[in-house]
Amino acid sequence: MDLSFSPEQKLIKDAAREFLEKECPADLVREMEEDELGYSPGLWRKMGELGWPGLIIPEKYGGSGGTFLDLVPLLEEMGRYLAPVPFFPTVILGALSLMEAGSEAQKQKILPEVATGRLILTMALIEPDPLYHVSGIHLQASPQGNGFLLYGTKIFVPYAHVADYLLCAARTENVDGKGDVITLFLIDRESPGIRCEPLKTVDWGRQCEVTFDGTKVPAGNIIGKAGEGWPVVQKVMEQAIVAQCALMIGGAEKVLEMTVAHAKRRVQFGRPIGSFQAVQHRCANMLVDLDGARFVVYEAAWRLSQALPCALEASTAKAWVNQAYQRICANGHQVHGGIGVIKDQEMYLYSRSAKAAETLWGDTAVHREMVARELGL
Amino acid sequence: MDFEFTEEQKNFREEIREFLDEEVTKEVIEESESGMGFGPFSWKLMRKLGAKRWLAPSFPREYGGLGLSRTYRYIVQRELDYRNALAFVKGLGLVGVDMAAPIILKHGSDDLKREFLPRIAGGEIELALGYSEPNAGSDLASLAMRAVEDDDAYVITGQKIFQSHSHFAQYHWLAARTDTDVPRHKGISLFVVDLGSPGITINPLWEMSGLRTNETFYDGVRVPKRYLVGEKNKGWYYVASALELERTLTIGYLERMIEGLIEYTRETSRNGVALSKDPLVRQKIAEIVIELRVAHNLVRRVTWLQDKGITANYETSELKLFIGELFQHVAQAGFDVVGLYGQLRKGSKYAVLDGLLESFYRSSFLPSIGGGTSEIMRNVIALRGLGLPQQH
């Protein structure tokens, strides 16, 4: 039993905090909300120079060959600082899919560029009938010549408007005509017939509507085998769920720290409000929520790194972190009082981000249902 | 990071499971369910576990243990809890092994160690906890029971309450006031008292769960000085440093309840559809399973810290708070799922799950109180875990 990060993972965490403390102040996050791109190319470039996007990419493709667990301390810190960069879609959705199923040529072409932060990737998965399930994929890819033609709409595609490549899950006819199956395509975003429109959301994470209107994709751009895309998506989703949780833990940790600092500083009735039991007990509940969340996420991440089955653990983590982070934000706001809802403060950035995060990769009800399935109910 | 037991620990758990599958008989469970404390079958199981050095595997070998880490003790207690064996106050371990012995080991004289530890580890004796008094619950430091020096003994007078083990344990693990002229934390001492001593009266109190607890009266009870634990007036500090062990609740009994509920949803149909296929039932079951898994990891964290020799102080309070309240969540989810039949007691016509849910409900209020209330746990977390300022 060992529930702590390794010395190397602690170094990653410390280095990430030191870097982001300097390079990613809350004002940058606020600026990006109004910014057209919605991310900071400068910050993203520096992260690339530090090799962050390559942390989990194998050394032969220019990365550092880390494990999934190595990503957790980094993601926690990015969640803590709400880093406005397309790290998640590029690394978790893009690179991990290619590492899982990409051809040697695709990997050699894309992964070294990702490792140094020169490419942005994302995955176009969810459709207007929003299910994290194969039955939610309706977008059609019809064979045409030596490739496919794509028609349809994807939504909640993070950073599609600035991505270089989209990974798109679509329904394809099997060559032997056995009905529709899912194929994962690698698509140059500059291809004709693609339109990206960022959606206005509760936070500033740029999630886009992506419309494919007769977009041509060469057969060579299939990731893995035709018709065998869904297992790849499933595997990547499991990692995305846990990675999303790691981001949320980082944010929750910051909310608790800000709240405790405020409770120690703020004086009412002649004493710091943090000396009142009513406030102390809210803060105590926040710490229990955070620690409860932390270890179910670590357990899931550890299992991913060990290549152990992880469906139950990943869904446990997301269901719990969703609720825990919401409660942490609600308690954080309550202790901050009126000042917490003022935009000069940071509290509101976290409560908005927490709500978006709650809905991404499965809300609480979705993951409880997954747990029920894993229990064999 | 590693979330699994070592191979040795897994093998140990396997051995324990095989042993208990055999030894936890119908009679042992009936004694647990009776609420009356250890009867002959429980004592027999205690001694059998003791003979194998499995009751207190984390004691040093010379005192009847195996010199293993706390995790091994946790493994044993979880398996006992899960089988509802030697379990009265749900989730709490044994007073002798888990509360008294760690203090005797650390602070007791060699004579005291030799006299008590091998018998505790051997399953020959159990102790009753003697901390709470009618006017000293959460505010334990205000306890009033007096111990006055007289020659080679202390003469003890006063009242204790909520000792669920007093009527079947051989000894009392007692906190009493030995000095009234100092700040109240600095005048408390610990004693091991033979419960058969003249001047002790034990009266039953009946809990809603069916559990017998007691109030214990001391009227000039003479306790030889050699039964003072460690130094005079240091009792408060000894107790405070060992609370983390007392508060390490296990989740075996909760696991069993939840497994029972899952089984019930599979086997029960409403309107021709299995309950397990009802979306609301699935959500409820998943909700408590998820909470149980969170609890399990909080237990893992505390045992891991204890194995490393790190004082798990506020971490144990988190665990105690979380599990204490989980009992009520599970009871409520259980009733949400089972509905009308949930109220039927064991032995009642139409009873489901052998009445387990009904009795579980009645035992679900104590875990957030005994061993430190949820409010005291939150105080500890706020002050020690978060460094918030002391209340005035």
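Reading guide: rules and limits
- Residues numbered from 1 in each chain as written.
- Chains lettered and ligands numbered in written order.
- Predicted model: local features only at pLDDT ≥ 70, side-chain atom pairs only at ≥ 80, totals over all residues.
- Helix = DSSP H or I, 4+ residues; strand = E, 2+ residues; numbered from the N terminus.
- Rg over C-alpha atoms; globule rule 2.2 N^0.38 Å.
- Buried ≥ 20, exposed ≤ 12 C-beta atoms within 10 Å, placed from the backbone.
- Contact = placed C-beta atoms within 7 Å.
- Axes fitted to C-alpha atoms, helices over the stretch in contact; angles between N-to-C directions.
- Nonpolar A, V, L, I, M, F, W, Y, C, P; charged D, E, K, R; others polar.
- Arc of directions from axis to C-beta.
- Pairing = 2+ DSSP bridges.
- Core = buried A, V, L, I, M, F, W, Y, C linked by C-beta atoms within 7 Å.
- Domains from an automatic or database assignment.
- Parallel < 35°, antiparallel > 145°, perpendicular 65-115°, else oblique.

Undergrad: Explain the overall build of chain B to me, and be specific about the residues and the numbers.
TA: Summing up its helical and strand segments, chain B has 12 helices and 10 strands in all. Its C-alpha radius of gyration of 21 Å places chain B within 12% of the 21 Å reference for a compact globule of 392 residues. Counting only C-alpha atoms, chain B reaches 75 × 45 × 45 Å along its principal axes. Evaluated residue by residue, chain B yields a buried proportion of 52% over its 392 residues. Across chain B, every contact between residues at least 6 apart in sequence was considered, and the portion connecting residues at least 24 apart equals 69%.

Undergrad: Which residues make up the overall build of chain A, and what are the values?
TA: A tally of helices and strands in chain A yields 11 helices and 10 strands. In summary, chain A has a C-alpha radius of gyration of 21 Å against a globular reference of 21 Å for 377 residues, a match within 12%. Dimensions of chain A, computed from C-alpha atoms along their principal axes, come out at roughly 80 × 50 × 40 Å. Looking at chain A residue by residue over its 377 residues, the buried ones come to 53%. In chain A, the proportion of contacts linking residues at least 24 apart, taken out of those at least 6 apart, comes to 75%.

Undergrad: Describe the packing of helix α4 (residues 70–82) of chain B against helix α9 (residues 279–307) of chain B, with residues and values.
TA: All names here are of chain B. Where α4 contacts α9, the two axes come as close as 8 Å, and the packing angle between them is 145°. Packed against α4, whose contacting residues are Arg70, Thr71 and Tyr74, the element α9 presents Thr303, Gln306 and Asp307 at the interface. Among the residues forming the contact of α4 with α9, the class breakdown is one nonpolar, three polar and two charged.

Undergrad: Please provide a residue-by-residue account of helix α3 (residues 41–49) of chain A, values included.
TA: Residue and element names in this part refer to chain A. For α3, every residue scored as buried is listed here: Leu43, Trp44, Met47 and Gly48. Viewed end-on, α3 has its buried residues packed into an arc of 140°, placing them on one side of the element. Facing away from the buried side of α3 by more than 90 degrees, the exposed set consists of Pro41, Gly42 and Glu49. Packed against the buried residues of α3 are α1 (7–23) and α5 (87–101).

Undergrad: Got a sec to walk through the pairing of strand β1 (residues 127–130) of chain B? Specific residues and values, please.
TA: Residue and element names in this part refer to chain B. Along β1, one buried face is formed by Leu127 and Leu129 and the opposite face, lined by Ala128 and Gly130, is buried too. As paired elements, β1 and strand β4 (residues 171–177) share four bridges and run parallel to each other. Counterpart to Leu129 in the pairing with β4 is Trp173.

Undergrad: How would you explain the pairing of strand β2 (residues 140–144) of chain A if you had to name every residue and give the values?
TA: Residue and element names in this part refer to chain A. Alignment of β2 against strand β3 (residues 147–158), held across five bridges, turns out to be antiparallel. Bridge pairing in β3 links Pro143 to Phe148. Hairpin remark: β2 followed by β3, antiparallel, with two residues in the connecting loop; positive phi at Gly145, about 60°.

Undergrad: An account of the nonpolar core is requested, with residue identities and associated values reported.
TA: Counting 250 residues, the largest nonpolar core has Leu167, Val242, Cys283, Val297 and Ala301 of chain A together with Phe191 of chain B as its most contacted members. When residues of this core are assigned to their parent elements, the largest contribution, 18 residues, is made by helix α7 (residues 229–265) of chain A. With sequence-adjacent residues up to four places away left out, Ala301 of chain A is seen in contact with Phe68, Leu69, Val72, Val242 and Ala246 of chain A.

Undergrad: Please set out the domain arrangement of chain B residue by residue, giving values where relevant.
TA: Residues and elements named next belong to chain B. As far as domains go, chain B holds domain 1 (7–126), domain 2 (130–237) and domain 3 (247–385). When each unit is reduced to the centre of its C-alpha atoms, the spacing between domain 2 and domain 3 is 32 Å. Opposite the four residues of domain 2 that make contact, domain 3 presents six residues. Grouping the constituent residues of the side of domain 2 that touches domain 3 by class yields one nonpolar, three polar and no charged.

Undergrad: Please set out the interface of chain A and chain B residue by residue, giving values where relevant.
TA: Listed as interface residues are 37 residues of chain A and, on the opposing side, 36 residues of chain B. Breaking the side of chain A that touches chain B down by element, the ones donating at least two residues are α7, β10 (271–272), α8 (277–305), α9 (311–336) and α11 (364–374) of chain A. A per-element tally of the side of chain A that touches chain B places α8 of chain A first, with 14 residues. The residue makeup of the side of chain A that touches chain B, split by class, is 22 nonpolar, eight polar and seven charged.

Undergrad: Pulling in residues and values, what's your account of the domain arrangement of chain A?
TA: Residues and elements named next belong to chain A. Annotation of chain A at the domain level lists domain 1 (7–119), domain 2 (124–227) and domain 3 (231–374). A C-alpha centroid distance of 31 Å is found between domain 2 and domain 3. At the interface, 10 residues of domain 2 touch 10 residues of domain 3. Its residues assigned to classes, the side of domain 2 that touches domain 3 comprises six nonpolar, three polar and one charged.

Undergrad: Got a sec to walk through unusual backbone geometry? Specific residues and values, please.
TA: Within the chain, Phe269 of chain A stands out as a residue other than glycine whose phi angle is a positive 55°. In this fold, Phe269 of chain A is placed in the loop between β9 (267–268) and β10. Its 8 C-beta neighbours within 10 Å are what place Phe269 of chain A among the exposed residues. In the Ramachandran plot, Asn84 of chain B falls in the positive-phi region, its phi being about 55° despite a non-glycine side chain. With respect to the helices and strands, the residue Asn84 of chain B is situated in the loop between α4 and α5 (95–107). Residue Asn84 of chain B is classed as buried on the basis of its 20 C-beta neighbours within 10 Å.

Undergrad: Report on the environment of Val210 of chain A, specifying residues and quantitative values.
TA: Residue and element names in this part refer to chain A. By secondary structure assignment, the location of Val210 is in strand β7 (residues 207–218). Note: C-alpha distance between Val210 and Ile194 (16 residues apart in sequence) is 6.8 Å. Not counting residues up to four positions away in its chain, the partners in contact with Val210 are Ala124, Lys154, Val157, Ala160, Leu166, Ile194 and Cys196.

Undergrad: Before we move on, can you summarise the packing of α11 of chain A against α9 of chain B with the specific residues and values?
TA: Packed helix pairs are characterised by how far apart their axes lie and by the angle those axes make with each other. With their axes 8 Å apart at the nearest point, α11 of chain A and α9 of chain B run at an angle of 85° to one another. Judged by the inter-axis angle, α11 of chain A sits roughly perpendicular to α9 of chain B. Of the residues in α9 of chain B, those in contact with Ala365, Arg368, Glu369, Val371 and Ala372 of chain A of α11 of chain A are Arg282, Gln283, Ile285, Ala286, Glu287, Val289 and Ile290 of chain B. For the contact of α11 of chain A with α9 of chain B, a count of residues per class yields seven nonpolar, one polar and four charged.

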